[in-house]
Each structure stands twice: as C-alpha cells, then as structure tokens.
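Close look at the chain arrangement
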Amino acid sequence: MTALIWFNEDGLNPAHPMVQDYPTAPRIYIFDRPYLQQWQISKHRIQFIYESLLEIADIQIYQGNTVPLLRQLLEQHQATEIVTTETPNHIIKAWQHDLQSYANLVAYPEVYPVNDHSSPRRFSRYWHQHDRAWLTP
Amino acid sequence: MQPLRTNLESRNAIADYIQTEFPFLENTGCLSPHVGGRKAGLERLQHFPLEKYARQRNFLDGAVSQLSPYLSRGCITLEEVRQWALQHQASHSVEKFVSELAWRAFFHLVYQDEGDRILQDLEPPKVPMRQHQTTLPDDIDRGETGIPSMDTFIRMLKETGYLHNHARMYLASYIVHFRQVHWRTGADWMYALLIDGDLASNHLSWQWVASTFSHKPYIFNRENLERYAGSVLPGDPRKDDPFNYSYEELADRLFGNDYTPASSRASGNYR
C-alpha cells in the first residue's frame, strides 16, 4: 500500500518512528491558509515551523486547504494511506476525520508514561494519582 | 499545486520568503531568538541547568528550560525530555520539572476529552464576569497600556513569540481581571502570537486564571510582580498603581463583595 507521511504542526519531528517505519513515503506538510488567517497566526510561529520542516529530509511543503490538497497528493502519488501523528487539536482532528473517507489513516499516538485517559478536572488530583508513574524511568 | 521552496539558506531568507508567500502576515520586522527544529531543541535541553529549576522557575530571569516551543511543535517529545530529566539524581528540581511536563499531558487529556468545548467556560466563573468585553482594547494589542511592566511583556511576546510562563500569567490576569476583558478574547490573542501556541495549554491556562477551570481567580500584586519579575522590568509609576494593594484589597477592588479570597496565595503556581 503506497503511503504519504503527513506532518502536522504538533508533530514536527524528523526522528519520529513513523519516518523510520515508512522510509520511502513522500513527506508532506501543508500550511492551511484558512486556519492561519482565521486564527491570525503570527509570522514567528510560521517561521519556527518552517525552520523545523527544513530539518526533515525531502520534505514537500505546500500551502492551501489541507483536505483537498491532500486528496490531490494522494491521487498524484497513487497513494491509499496517510501516516500521521495524533494530536488533541480539534482542528487537525477534524481534517484527519475527513481524510478517512479518502485514505486509510494511520495515526501514531502521543507517548505518555500514564495511559489512564480519564480526565480529572484538577491537576493536583491527576498528579496525586500518577506521580509515581511520571517519576519512574 | 506548487510546493514551497526548501532551498532557503538563512533565517532571513526564510523570513523574506514567508512574507512573500503569506502576504497577509503582519511583518514582525525581526527574527525570534527561538530557532525552529529538533537540533535546536536538543541543544537547549543539553544546556538546561535542571538542578536550579525548583528554586528559580518562578523568576523571570531564573533557570527555565524554554523547551515549550520544541515540545509544542513536536520537534522533541515529552517522553524523551522526561527520560532525560530522570537520568539526573532524584531531587526537588527533577520532581518539579517532571510535574510541569505532566501539566502539559494533563491539559492534553482535558482537551482530548472536551474537544472544542475548551474554547468556552468549562465551569462557572467564581467571580462576576458578565460585563467583560469581547474585543481586545487597542492599547493592549499595541503594548501601549501606559503600565511599563505590562507593555514590556506585550513587547517581548510580539518580538520573540515567547514569554516566560509567569509573565503569561501576569499578562492574562491583568487583561482578564484588571481590564475586564473576556478570557477567550485574551487567549485567542496570545495563542496567535506564541510560537508554542497550543490550544490546550494556552486556553486552559487562561481559563485557570479566569477561574472557569479552577477554584479561584489568579491575581497578583505589586509585591509579587517585583519579587519575581522586577529584575527584567522597568519601574512602573507609583501614582495610580493598579497593583499596589494587598490581596484582600485587590479582591475587593476587582470583584467587590462577591468573592472572599483565600488568606494566602501561591506564587504563580497552578495549585
């Protein structure tokens, strides 16, 4: 199955396991123009992302609307799988959800020492429950 | 569908190119001192004096990691930073630092659970907020509030895309409680400007300051500001100083009779 690696702004890691797992997959990043404009994202953030992207070998950077652009890229590369990283960001999650209509989506989870996904509403409670796990290598 | 250029040789070349490709961006006119990429993040990690963290972390000139841009943008991972910290001999600093990493995970858990509901009050505010305005006053956006300390924080934020966590809290508290601007308005503004803008950490911290994600509003006074930030701030005029009160007096001035403050306050920790 031909795959594309699609980086998002919360996972700009050239050493991420997905890069090793899919060594020949094209590596894509898209600056989503409607998002940048709606949230008035500053130039410093875009520069930081750009500098981070340039450390990823053979990165292809685009700007436009994420989902339609990725659909075109899937077609162009005759790919049927998109490999990416999980993020709680609801905007990126919505794109990931939409893309599932067009490709098989493989999302690598964030790694935490605690896998309890219940959401306590106070940090003190969370820390009290999980401090040992966090403080154990 | 043309890809953007990747053969840009310098930071200035990248900045010029970005301005051409994204003409709607406000030109910052300067480069941020925070260089993007995993290499820069790992280098920063190696030079971080972790042993000083517990004692100095709340001071604006203290030893903080400044790793947030690299963690937020995923250049380095929380888990590798945690493992790095745990290689050090157990100490209060190690525990403090790891607990700050856990804060980030905690915010992500809440965001994962709540989704875009984190953009609205998660809990009723503990102090009156119905009158708070939903547009950011121009003087705040321009960093011309007339209070040199707050204007300095705003200038730092705009020039570098980064602020020490304590400065973020001072600024958020000033905007929400002293200026009566809705937390969401301030949070959106800061999110846009931060390199490490992350809706979980940013918006939930603003809600924490506002008291819609905590038991009480976060406020600070002159004494606290001088103690933790004095070394990096210009002096504020003493006449009509909005901060020069005890916490009891401040609570009374800001919230009236509707709120009874706790007798003592933490120094800027989220506790």
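Residues numbered from 1 in each chain as written. Chains lettered and ligands numbered in written order. Predicted model: local features only at pLDDT ≥ 70, side-chain atom pairs only at ≥ 80, totals over all residues. Heavy atoms only, no water.

Along chain A, the regular secondary structure elements total six helices and five strands. Listed N to C, the secondary structure of chain A is β-α-β-α-α-β-α-β-α-β-α in terms of helices and strands. Dimensions of chain A, computed from C-alpha atoms along their principal axes, come out at roughly 50 × 35 × 30 Å. By the burial criterion, 55% of the 137 residues in chain A qualify as buried. Nonlocal contacts in chain A, meaning residues at least 24 apart in sequence, comprise 59% of its contacts between residues at least 6 apart. Charge separation in chain A, taken as the distance between the mean sites of 10 positive and 14 negative side-chain charges, equals 10 Å. (Helix = DSSP H or I, 4+ residues; strand = E, 2+ residues; numbered from the N terminus. Buried < 20%, exposed > 50% of the residue type's maximum accessible area, 1.4 Å probe, protein only. Contact = heavy atoms within 4.5 Å. Lys, Arg positive; Asp, Glu negative; His and termini not counted. Charge placed at Lys NZ, Arg CZ, Asp CG, Glu CD.)

With that settled, the discussion passes to the overall build of chain B. Per the secondary structure count, chain B includes 13 helices and zero strands. Relative to the 2.2 N^0.38 estimate, which gives 18 Å for 271 residues, the radius of gyration of chain B is 19 Å and therefore close to what a compact globule would have. For chain B, the C-alpha atoms occupy an extent of roughly 60 × 50 × 40 Å along the three principal directions. Within chain B, buried positions represent 58% of all 271 residues. The contacts in chain B between residues at least 6 apart in sequence include a share of 68% that link residues at least 24 apart. About 11,900 Å² of surface is accessible on chain B, with carbon and sulfur atoms providing 46% of the total. (Rg over C-alpha atoms; globule rule 2.2 N^0.38 Å. Areas by Shrake-Rupley, 256 points an atom, 1.4 Å probe, with all protein chains shown as cover.)

The interface of chain A with chain B comprises 61 residues on the first partner and 80 residues on the second. When residues of chain A are sorted by the area they lose upon contact with chain B, K43, H44 and F48 of chain A head the list and together hold 14% of the total. In this structure, R11 of chain B engages E51 of chain A in a salt bridge whose closest nitrogen and oxygen atoms are separated by 2.8 Å. Joining chain A to chain B, the criterion identifies 34 residue pairs in polar contact (both at pLDDT 80 or more). Broken down by secondary-structure element, the contributors of at least two residues to the side of chain A that touches chain B are α2 (33-38), α3 (43-53), β3 (59-64), α4 (66-76), α5 (90-99) and α6 (123-134) of chain A. Broken down by element, the side of chain A that touches chain B gets its largest block of residues, ten residues, from α3 of chain A. Residues that form the side of chain A that touches chain B fall into these classes: 31 nonpolar, 18 polar and twelve charged. (Buried area = accessible area lost by both parts, 1.4 Å probe. Salt bridge = Lys/Arg side-chain N within 4 Å of Asp/Glu carboxyl O. Polar contact = N/O pair within 3.5 Å; in protein donor to acceptor, adjacent residues only side chain to side chain. Nonpolar A, V, L, I, M, F, W, Y, C, P; charged D, E, K, R; others polar.)

Our next topic: the domain arrangement of chain B. Residue and element names in this part refer to chain B. When the domains of chain B are assigned, the result is domain 1 (20-116) and domain 2 (138-258). Each of domain 1 and domain 2 has a C-alpha centre, and these two points are 21 Å apart. Carbon and sulfur atoms supply 65% of the area that domain 1 and domain 2 bury against each other, a total of about 2,100 Å² over both sides. Taken as a group, F59, L60 and F107 account for 32% of the area that domain 1 buries against domain 2, more than any other trio of residues on that side. One can count eleven residue pairs in polar contact (both at pLDDT 80 or more) joining domain 1 with domain 2. Top contributing element to the side of domain 1 that touches domain 2 by residue count: helix α6 (residues 92-114), with six residues. Broken down by class, the residue content of the side of domain 1 that touches domain 2 amounts to eleven nonpolar, eight polar and four charged. (Domains from an automatic or database assignment.)

F31 and W134 of chain A together with F97 of chain B are the most contacted members of the largest nonpolar core, which totals 89 residues. If one sorts the elements of this core by residue count, α6 of chain B sits on top with twelve residues. Once residues lying within four places of it in the same chain are set aside, the contact partners of F97 of chain B are F48, L50, Y53, S65, L67, V81, W84 and A85 of chain B. In this structure, M129, Y170, I219 and Y247 of chain B belong to the second largest nonpolar core, which totals 45 residues. (Core = buried A, V, L, I, M, F, W, Y, C linked by side-chain atoms within 4.5 Å.)

The description of an aromatic ring pair rests on the distance of the ring centres and on the angle between the ring planes. A full pass over the atoms with the stated rule returns 31 aromatic pairs over all chains. Here the aromatic rings of Y50 of chain A and Y17 of chain B are separated by 6.3 Å at their centres, their planes lie at 85°, and the arrangement is edge-to-face. Of this pair, Y50 of chain A sits in helix α3 while Y17 of chain B sits in helix α1 (residues 11-21), placing the two residues on different chains. Neither Y50 of chain A nor Y17 of chain B differs from the other in exposure class; each is buried. An angle of 40° between the planes, with centres 6.1 Å apart, marks the rings of F123 of chain A and Y126 of chain A as tilted. One end of the pair is F123 of chain A and the other is Y126 of chain A, both in helix α6 and three residues apart, which spans about a single turn. (Phe/Tyr/Trp six-rings, centres within 6.5 Å; stacked < 30°, edge-to-face > 60°.)

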